[in-house]
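Each chain, written out:
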Amino acid sequence: MRTIDWVDGAVEIIDQTALPGDLRVLRLHTVGELIAAIQSLAVRGAPALGVAGAFGVALAARVHADDPGALRQAVQRIETARPTAVNLARGAQRAANLLPWGPDAVLAEACAIRDEEIAASQSMAFRGADLVTELCGPHARLLTHCNTGGLCAVTIGTALGVVGELHRRGRLTGVIASETRPLLQGARLTSWELTQWGVPHRVAVDSAGPFLMARGEVDAVILGADRICANGDVINKIGSYAHALGARRAGIPFLVVAPESTVDEATPTGAHVEIEDRGAAEVTAWSDAVNPAFDVTPADLVTAIVTDRRVIRLDRAERPRP
Ligand SMILES: CSC[C@@H](O)[C@@H](O)C(=O)COP(=O)(O)O
């Protein structure tokens, strides 16, 4: 089942706010509905956001075919619906480049982006599984953060795709999914996906990760990215940096799996990236709160980045942009 697709003139998504209780499909007919789905995290995760951005422009191209001003405004609203994952603006912009050739050309480009993400997921799963075995030996116990499965992409996923591939190869001896406060992408979504795939796993509270590593219960941390900067800084779900510090202290690899569509060679470092602030309400109803949705893991804490085309060994001074 695909997380996001174009079906009979509308965008269909799995509503990730309803999981794990309900597996519900939403049909989005307008740019407004699509933006609301992005902002509520009904569709989320960097690769899926790239596809959503492109399909959003395909929707806009149909509705505003005769109104260039409204079309431009719709594209801009889609690109900026969430700020941190580079895929969203990139996917929207790629589809928007086809606007002069009409709505069918835009839709074809959006479908190409969808298909490229499916191929990228498959490629990362193989490449990442090989690297985990190289670094950790024939049997690995992995800790993952946030949700990086098929739900964050179109199918398969990024880091969780590697976990699934290692399971298929019989090379996995344990998975810990950190619950990922406050919206519980790990406890709700990763746990649901691993259950669907038949992968035994346990959920840990976020703050337990570094201690479990220190106690020798984890062979590597593996997670995704919303943006990878030219110097190798990794922007990902809040809590990733703490896991990187724990991994460095425990002396285990910290692996980032993300498609090339997430590598932003135009952004020099994490200091240049807007970190989404999702407001206090998601954290607590009874006291003030600060709620940054992502953090920056400095490049020197990252062992390797696995994309669909390359393995960048940051521990050997390689960088996304040489
Ligand atoms: C390749 S998925 C990697 C990231 O997009 C994922 O870990 C993440 O941080 C998603 O954040 P979310 O706020 O759920 O969209």
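Calculation rules
Residues numbered from 1 in each chain as written. Predicted model: local features only at pLDDT ≥ 70, side-chain atom pairs only at ≥ 80, totals over all residues. Heavy atoms only, no water. Core = buried A, V, L, I, M, F, W, Y, C linked by side-chain atoms within 4.5 Å. Buried < 20%, exposed > 50% of the residue type's maximum accessible area, 1.4 Å probe, protein only. Helix = DSSP H or I, 4+ residues; strand = E, 2+ residues; numbered from the N terminus. Contact = heavy atoms within 4.5 Å. Pairing = 2+ DSSP bridges. Axes fitted to C-alpha atoms, helices over the stretch in contact; angles between N-to-C directions. Expected span 1.5 Å × (residues − 1). Near = heavy atom within 4 Å. Polar contact = N/O pair within 3.5 Å; in protein donor to acceptor, adjacent residues only side chain to side chain. Areas by Shrake-Rupley, 256 points an atom, 1.4 Å probe, with all protein chains shown as cover. Domains from an automatic or database assignment. Phe/Tyr/Trp six-rings, centres within 6.5 Å; stacked < 30°, edge-to-face > 60°. Lys NZ or Arg CZ within 6 Å of the ring centre and 35° of its normal. Disulfide = S-S within 2.5 Å. Patch = residues over 30% accessible without salt bridge, like charges linked within 9 Å, V, L, I, M, F, W, Y side chains within 5 Å. Salt bridge = Lys/Arg side-chain N within 4 Å of Asp/Glu carboxyl O.

The protein goes by S-methyl-5-thioribose-1-phosphate isomerase in an unreviewed UniProt entry, where it is assigned to Actinoplanes oblitus.

Draft legend 1. Region of the structure containing the nonpolar core. In this structure, Ile-4, Val-11, Ile-13, Ile-38, Val-43, Phe-55 and Val-57 are the most contacted members of the largest nonpolar core, which totals 41 residues. Broken down by secondary-structure element, the contributors of at least two residues to this core are strand 1 (4-7), strand 2 (10-14), helix 1 (31-39), helix 2 (46-63), helix 3 (68-79), helix 4 (86-96) and helix 5 (103-136). The leading source of residues in this core is helix 2, at 12 residues. Discounting residues that sit within four places of it in the chain, Ile-38 has contacts with Val-43, Leu-49, Ala-52, Ala-81, Arg-82 and Leu-88.

Draft legend 2. Expanded view of unusual backbone geometry. Going from Leu-19 to Pro-20, the amide bond is cis rather than trans, its omega being 5°. Structurally, the position occupied by Pro-20 is in the loop between strand 2 and strand 3 (25-28). For Ile-156, which is not glycine, the phi dihedral falls at a positive 70°. In this structure, Ile-156 sits in the loop between strand 4 (140-144) and helix 6 (159-168).

Draft legend 3. Quick peek at the sheet that holds strand 8 (residues 227-229). The 4 strands lie next to each other as 11-8-9-12, forming an open sheet whose pairing is mixed. Because the sheet does not close on itself, it has two edges, and the strands there are strand 11 (263-264) and strand 12 (294-297). Its contacts with the sheet place helix 9 (residues 240-250) against strand 9 (234-237) and strand 12, and it is angled at close to 30° to strand 12.

Draft legend 4. Region of interest: the sheet that holds strand 14 (residues 311-312). The 7 strands are arranged 6-5-4-7-10-13-14 in an open sheet whose pairing can be described as mixed. Taken across any chain shown, the strands that pair with only one partner, and hence form the sheet edges, are strand 6 (202-204) and strand 14. The pairing of strand 10 (residues 254-257) with strand 13 (residues 304-306) spans 3 bridges and is parallel. Its bridge partner being in strand 13, Val-257 is matched across the sheet by Val-306. Where helix 5 meets the sheet, it contacts strand 4, strand 7 (220-223), strand 10, strand 13 and strand 14, and its direction lies at approximately 155° from that of strand 13.

Draft legend 5. Up close: helix 7 (residues 185-197). The end-to-end C-alpha separation of helix 7 is 17 Å, in line with the 18 Å expected for 13 residues at 1.5 Å each. For helix 7, the set of buried residues is Gln-185, Gly-186, Leu-189, Thr-190, Ser-191, Trp-192, Glu-193 and Leu-194. For helix 7, the elements touching its buried residues are strand 4, helix 6, strand 5 (172-178), strand 6 and strand 9. Gly-198 lies just past helix 7 and shows a positive phi near 75°.

Draft legend 6. Layout of the site of the ligand. Surveying the vicinity of the ligand reveals 18 residues, the closest of which are Arg-44, Arg-82, Asp-226, Asn-236 and Lys-237. The side chain of Gln-185 places a nitrogen or oxygen atom 2.9 Å from an oxygen atom of the ligand. Between the ligand and Asn-236, the relevant distance is 2.9 Å, taken from an oxygen atom to a side-chain nitrogen or oxygen of the residue. Here the ligand loses 100% of its free accessible area of 410 Å² to cover by the protein chains. For the shell around the ligand, the secondary structure elements donating two or more residues are helix 2 and strand 9. Residue contributions to the shell around the ligand reach at least three from each of two domains, namely domain 1 (4-116) and domain 2 (123-316).

Draft legend 7. Structural context of the packing of aromatic side chains. Going through the model one piece at a time under the given rule, you end up with 1 aromatic pair. When the ring centre of Phe-294 is taken as origin, the NZ or CZ atom of Lys-237, which lies over that ring, is 4.2 Å away.

Draft legend 8. A look at the state of the cysteines. Applying the stated criterion to the full structure yields 0 disulfides. Lacking any disulfide linkage, Cys-111 is separated from the closest cysteine sulfur, that of Cys-152, by 19 Å. A relative accessible area of 16% means that Cys-111 is categorised as buried. Looking at Cys-229, it has no disulfide partner, and the nearest cysteine sulfur is the one in Cys-146, 17 Å off. Judged by its relative accessible area of 0%, Cys-229 is buried.

Draft legend 9. Seen up close, a nonpolar patch on the surface. Residues Met-1, Leu-23 and Val-25 make up a contiguous nonpolar surface patch of about 320 Å² in total accessible area. Here Met-1 shows up in the segment before strand 1.

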